[in-house]
Amino acid sequence: METKIVNPAELYRLPWTLPDNGISWLEPTARCNLNCYGCYRKNIKDSHKSMEQVKHELDVFQELRKTDCISIAGGEPLLYPNIVELVAEIKSRGLKPIINSNGIALTKELLHELKKAGVFGFTFHIDSKQGRGRGPKWEGKNELELNELRLYYAEMLAAEGGIACSFNSTVYGDTLHYVPELAAWAQKHIDIVHTMVFILFRYITPDLPYDFYAGDKKIVFDDIHYHSNKEEVTNLKAPQIVAEIRKKAHDFTPAAFLNGTHKADDFKWLLTERIGTKDKVFGYLNNKFIEMVMEVYHYKNNRYLSYASPRTLSMGKTTLLILWTINKSIRSALKKYLGYLAANPFRIFKKVYMQSIMIIQPVDFMPNGDQSMCDGCPDITVWKDKNGKDQLVWSCRLEEPMQYGEFLHTVPKSKEELKN
Ligand code: SF4
């Protein structure tokens, strides 16, 4: 049998479903202060929703779906004038507010206000195709040079204290080779960087062998928001990212995944959890560890875990010393940790942390034209359909119902069309 880079049989299928999930996605605004190349959403100037509207969307989530956190996204949520009030509102509902931001509008004062309001974490989207031309500092910087900016935000959060820090980075064909160094950078800052997310670039290009339809009306390719007429690599898959990371971290081992709606062995969300210090990884936690965490958390809280707190993630030593009796991957990490201590007993004073690496592989096209989405989409959002009914829809394709009143379906191009 062929050896797979990632074998679904060895992974835990994350338990997230439509009605019971770790995450839900709220967009208080579609306005942004950047224009990222890989963005799924149009930048709309006058698009701030009223507090009544966002409260209503929170009601819809709470009525239809168990959720652990609310990702406050957009647009750039820090441009939303009621952002502090919104964070407090989410917190008051017993949910974790996570702000998905490019960071530009974040000041220490605002961060402090948000902390007081109950923000649980930030996910900063930073990559080299965001057109960060404001001030020459980040213009034209590559992924590794941008680590200085990532560190700036991680340290800002750490100084405020008790806020989870994640980074999103879109991976393009020509930035794939930076991924091992980015993963290594995250490990070097395991004390203040809690999650690193690699999102595979997804756009449609003219060589895609499908036509797009709204009902029976064929859609002009150039009208679809996430299209590019440039030559682009649009078929990156999660196992490629794993293979890339392994060039530097040879034993990098994912533990859990979400499959595709149309393909059982597509790794739409692929989660790896590691345990270590800033200078050494002791091991990768396995499928059983994630299963145990998810099920215990659900039993206790009646919902699945999304983000863990910085405090929990800094309890690596306790995890090693208590859970080795019941989990094989922790036993093996503990062995490495004891070897590390034997070489220098003073290392006992170093903290041991846990850190997540997530790889997200968005929409895949099936040969018959079906589009395979994340099965149990965590980033689902609320959209009012043409009959005024609230629907939960994929945020990565929200532009479709907004522009055409419905999701587009794809049909394979005819042989004649492909010849032209
Ligand atoms: S289906 Fe789209 S919106 Fe949902 S998790 Fe996957 S990429 Fe995100």
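Residues numbered from 1 in each chain as written. Predicted model: local features only at pLDDT ≥ 70, side-chain atom pairs only at ≥ 80, totals over all residues.

### Focus: the overall build of the protein
Helix and strand counts for the protein come out as 12 helices and 18 strands. The principal-axis extent of the C-alpha atoms belonging to the protein is close to 70 × 55 × 50 Å. A total of 420 residues make up the protein; the buried ones form 40% of that total. Within the protein, contacts between residues separated by at least 24 positions form 74% of all contacts whose residues are at least 6 apart in sequence. (Helix = DSSP H or I, 4+ residues; strand = E, 2+ residues; numbered from the N terminus. Buried ≥ 20, exposed ≤ 12 C-beta atoms within 10 Å, placed from the backbone. Contact = placed C-beta atoms within 7 Å.)

### Observations regarding the packing of helix 5 (residues 179-188) against helix 6 (residues 238-245)
At their nearest, the axes of helix 5 and helix 6 sit 8 Å apart, and the two run at 70 degrees to each other. Here helix 5 lies roughly perpendicular to helix 6, going by the angle between them. For the element pair helix 5 and helix 6, the recorded crossing hand is right-handed. Here helix 5 contributes Val179, Pro180 and Ala183 to the contact with helix 6, which in turn contributes Ile241, Glu244 and Ile245. (Axes fitted to C-alpha atoms, helices over the stretch in contact; angles between N-to-C directions. Parallel < 35°, antiparallel > 145°, perpendicular 65-115°, else oblique. Left-handed = near helix turned anticlockwise from the far one by under 90°.)

### A look at the site of the ligand
Near the ligand the following residues occur: Lys268, Pro362, Met373, Cys374, Cys377, Pro378, Asp379, Ile380, Trp394, Ser395 and Cys396. Among the residues making up the shell around the ligand, the classes are represented as eight nonpolar, one polar and two charged. (Near = placed C-beta within 6 Å. Nonpolar A, V, L, I, M, F, W, Y, C, P; charged D, E, K, R; others polar.)

### Notes on unusual backbone geometry
Here the amide bond leading from Gly74 into Gly75 is cis, since omega sits at 15 degrees, within 30 degrees of zero. With respect to the element layout, Gly75 can be found in the loop between strand 3 (69-72) and helix 2 (83-92).

### Here's the deal with the sheet that holds strand 9 (residues 217-218)
One open sheet accounts for three strands, arranged 9-8-18; its pairing is antiparallel. At either end of the open sheet lies a strand with only one pairing partner, and these are strand 9 and strand 18 (409-412). Bridge count between strand 8 (residues 210-214) and strand 18: four bridges; the pairing is antiparallel. Bridge pairing in strand 18 links Phe212 to Thr410. (Pairing = 2+ DSSP bridges.)

### Structural notes on the pairing of strand 16 (residues 380-384)
Note: strand 16 against strand 17 (residues 390-394), five bridges, orientation antiparallel. Residue pairing in the sheet places Ile380 in a bridge with Trp394 of strand 17.

### Concerning helix 9 (residues 316-323)
Inspection of helix 9 places Gly316, Thr319 and Leu320 among the buried residues, and these make up the whole buried set. Seen end-on, helix 9 carries its buried residues on one side only, within an arc spanning 95 degrees. Exposed residues lying more than 90 degrees from the buried face of helix 9 are Thr318 and Ile322. Buried residues in helix 9 make contact with strand 11 (269-276), helix 10 (328-343) and strand 13 (353-360). (Arc of directions from axis to C-beta.)

### As for the environment of Ala308
Take Ala308: it is sitting in the loop between helix 7 (287-301) and helix 8 (310-313). Considered as a pair, Ala308 and Leu78 are 230 residues apart in the sequence and their alpha carbons are 23 Å apart.

### As for the nonpolar core
Ranked by internal contacts, the top residues of the largest apolar core, which has 95 residues, are Ala255 and Phe257. Excluding residues within four positions of it along the chain, Ala255 makes contact with Leu11, Tyr12, Leu271, Thr272, Glu273, Tyr284, Leu285, Asn286, Asn287, Phe289 and Ile290. (Core = buried A, V, L, I, M, F, W, Y, C linked by C-beta atoms within 7 Å.)

### Looking at the pairing of strand 12 (residues 281-284)
Both strand 11 and strand 12 contribute to a ladder of three bridges, which runs antiparallel. When the bridges of strand 12 are listed, Gly276 appears paired with Val281. Here strand 11 folds back onto strand 12, and the loop between the two strands holds four residues.

### Side note on the environment of Leu418
Along the chain, Leu418 falls in helix 12 (residues 415-419). Linking Leu418 and Asp207, residues 211 residues apart in sequence, is a C-alpha distance of 8.5 Å. Setting aside residues no more than four positions away along its own chain, Leu418 makes contact with Pro209 and Lys413.

### Regarding the packing of helix 9 against helix 10
Between helix 9 and helix 10, the shortest axis-to-axis distance is 9 Å and the interhelical angle comes to 115 degrees. The crossing of helix 9 and helix 10 is left-handed. From helix 9, Thr319, Leu320 and Leu323 reach across to helix 10, where they touch Ile330, Ala333, Leu334 and Tyr337. Split into classes, the residues belonging to the contact of helix 9 with helix 10 amount to six nonpolar, one polar and no charged.

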